[in-house]
Amino acid sequence: MTHRPLSILLLAALLALLSFCGCRRHTEAETLYRRAEQAFGEGAYSSAQRLIDSIPEVDATAFTWIRRGTMLNQRIILEYNRRNLAYLDSILPEVQREERKMASEFVPIFDPESLSDTLYYHFADRYAGRTDTCCLRMEFTVDGRARVSSVYCGKKPLRHISAKAELPDGSYALTPTVPYDDARNYRFMRPDGRYSEVVCYTGRSLRPFVEIIATTGEKPIKISYAGEHPYSYYLSKENRRSFEKCYRYLYLKHRVRRLEQNKELAERTIELLSRQLAEENDW
């Protein structure tokens, strides 16, 4: 009975010694965490995250500091998203206003292929819907998918399946190839005996062709049709202008969509991390 208090004292001393040694053993991990915390307070988020990542590398058993580092990283990601959300809230309304303003310049028409979808073209495009001249037409769908049509009208058929846009320096872009199918590539004879051909191109591979027309300023653009017979002409200023307008509007439309998606993602991330950090603090 007389030795029991002494045993308890020895056990307490041993536990204190082990705790002290454990703390000393994780000193490097603690130092890295403290430095990361300081970097976070100074707004150096990337540096803070690099320090956090180093904690398990220098001491894989420093569980307390690894866990605290994980929580600190969540706070960093939360702050990133709060800043990103503030930035998006500052620019999104202006881009949306610009997109709505430009939308008034476009006229809706029914898609002649499906008779259900609606296409849009620029109100000043005098080639819209025409099949009685050689030209390029550009329209887009309500969800922002571009469509270009190469139109031929002449005394003999070309039976063309693609088009090429070429600049004076030799640089060029090609449309996709669309074989004759009487749908996206269709042909007919006009009452005056001339042949008309219309080939419609869609998809992401069309983008270089649109860009070379819409973004090269005043440089002349040679359009060539690939078919059974060669045929080429130079794009008119009016034709080029309709491409420029459509391209600019689609850029704005897609930018608005990306900004809205990024804003929604930032809001969801903030909500999730805020809830997780609150639960951690309660625990």
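As a starting point, this report considers the structure included with it. Worth saying up front: this structure is predicted, and the values here are computed from it rather than measured.

### A word on the overall build of the chain
In step 1: Regarding its fold elements, the chain presents six helices and ten strands.
In step 2: Burial analysis of the chain (283 residues in total) assigns 36% to the buried set.
In step 3: In the chain, 62% of the contacts between residues at least 6 apart in sequence involve partners at least 24 apart.
In step 4: Split by element, the accessible area of the chain, about 17100 Å² in all, is 55% carbon and sulfur.

### A closer look at unusual backbone geometry
In step 1: One non-glycine residue, Arg159, lies in the positive phi region at around 55°.
In step 2: Mapped onto the elements of the fold, Arg159 is located in the loop between strand 4 (146-154) and strand 5 (162-166).
In step 3: Although it is not a glycine, Asp182 adopts a positive phi angle of roughly 65°.
In step 4: Residue placement: Asp182 occurs in the loop between strand 6 (172-174) and strand 7 (185-189).

### Describing the pattern of salt bridges
In step 1: Counted according to the given criterion, the structure contains 17 salt bridges.
In step 2: Between Lys164 and Glu166 there is a salt bridge whose closest N-O contact spans 3.8 Å.
In step 3: With a relative accessible area of 25%, Lys164 lands in the partly exposed category.
In step 4: When its relative accessible area of 23% is taken as the criterion, Glu166 is described as partly exposed.
In step 5: A single salt-bridge network, built from bridges that share partners, covers Glu30, Arg34 and Glu37.

### Some points on the nonpolar core
In step 1: Formed by 37 residues in total, the largest nonpolar core has its most connected members in Leu136, Val148, Phe209, Ile213, Ile223 and Tyr225.
In step 2: The element best represented in this core is helix 6 (residues 237-282), accounting for seven residues.
In step 3: The residues contacting Ile223, other than those within four sequence positions of it, are Leu136, Lys164, Ala165, Tyr231, Ser232, Tyr233 and Leu235.
In step 4: Ala48, Leu51, Ile52 and Ala62 belong to the second largest nonpolar core, which has 15 residues in total.

### As for the pairing of strand 2 (residues 118-122)
Along any regular strand the residues' side chains alternate between the sheet's two faces.
In step 1: Two strands pair when backbone bridges link them, and strand 1 (residues 106-110) and strand 2 are joined in this way by five bridges, in the antiparallel orientation. What sits directly across from Pro108, in strand 2, is Tyr120.

### A closer look at the packing of aromatic side chains
In step 1: Evaluated as defined, the whole model comprises eleven aromatic pairs.
In step 2: Taking 5.7 Å as the distance between ring centres and 80° as the angle between the ring planes, the aromatic pair formed by Tyr225 and Tyr233 counts as edge-to-face. Considered together, Tyr225 and Tyr233 belong to a single accessibility category, that of buried residues.
In step 3: Ring centres 6.2 Å apart and planes at 50° place the aromatic pair Tyr231 and Tyr233 in the tilted group.

### Describing helix 3 (residues 45-58)
In step 1: Over its 14 residues, helix 3 extends 20 Å from the first C-alpha to the last, a length consistent with the 20 Å expected when each residue adds 1.5 Å.
In step 2: Turning to helix 3, its buried residues are Tyr45, Ala48, Leu51, Ile52 and Ile55. Along the long axis of helix 3, the arc covered by the buried residues comes to 120°, so they all point the same way. Opposite the buried face of helix 3, at more than 90 degrees from it, the exposed residues are Arg50, Asp53 and Glu57.
In step 3: Buried residues in helix 3 make contact with helix 2 (27-41) and helix 4 (63-103).

### Looking at the packing of helix 3 against helix 4
In step 1: Following both chains from N to C, one finds helix 3 and helix 4 inclined at 160°, their axes separated by 9 Å at the closest point. What the angle tells us is that helix 3 and helix 4 run roughly antiparallel. Relative to helix 4, helix 3 is oriented so that their crossing is left-handed. Between helix 3 and helix 4, the contacting residues are Tyr45, Ser46, Ala48, Gln49, Ile52, Ile55 and Pro56 on the first element and Trp65, Ile66, Gly69, Leu72, Asn73, Ile76, Ile77, Glu79, Tyr80 and Arg83 on the second.
In step 2: Residue classes in the contact of helix 3 with helix 4 are distributed as eleven nonpolar, four polar and two charged.

### Looking at the sheet that holds strand 5
In step 1: Strand order across the open sheet formed by four strands is 6-5-9-10, with antiparallel pairing between neighbours. Across the chains shown, the open sheet's two edge strands, defined by having one partner strand only, are strand 6 and strand 10 (231-234). The mean angle between the axes of side-by-side strands here comes to 20°, regardless of whether they run parallel or antiparallel.

### Notes on the pairing of strand 5
In step 1: Inspection of the sheet shows strand 5 paired to strand 9 (residues 222-226) by five bridges, in the antiparallel sense. When the sheet's bridge partners are listed, Ser162 is paired in strand 9 with Ala226.
In step 2: As judged from the three bridges shared by strand 5 and strand 6, these two strands associate in the antiparallel manner. Counterpart to Ala165 in the pairing with strand 6 is Ala173.

Calculation criteria
- Residues numbered from 1 in each chain as written.
- Predicted model: local features only at pLDDT ≥ 70, side-chain atom pairs only at ≥ 80, totals over all residues.
- Heavy atoms only, no water.
- Helix = DSSP H or I, 4+ residues; strand = E, 2+ residues; numbered from the N terminus.
- Buried < 20%, exposed > 50% of the residue type's maximum accessible area, 1.4 Å probe, protein only.
- Contact = heavy atoms within 4.5 Å.
- Areas by Shrake-Rupley, 256 points an atom, 1.4 Å probe, with all protein chains shown as cover.
- Salt bridge = Lys/Arg side-chain N within 4 Å of Asp/Glu carboxyl O.
- Core = buried A, V, L, I, M, F, W, Y, C linked by side-chain atoms within 4.5 Å.
- Pairing = 2+ DSSP bridges.
- Phe/Tyr/Trp six-rings, centres within 6.5 Å; stacked < 30°, edge-to-face > 60°.
- Expected span 1.5 Å × (residues − 1).
- Arc of directions from axis to C-beta.
- Axes fitted to C-alpha atoms, helices over the stretch in contact; angles between N-to-C directions.
- Parallel < 35°, antiparallel > 145°, perpendicular 65-115°, else oblique.
- Left-handed = near helix turned anticlockwise from the far one by under 90°.
- Nonpolar A, V, L, I, M, F, W, Y, C, P; charged D, E, K, R; others polar.

Keep in mind these values describe shape, not function.
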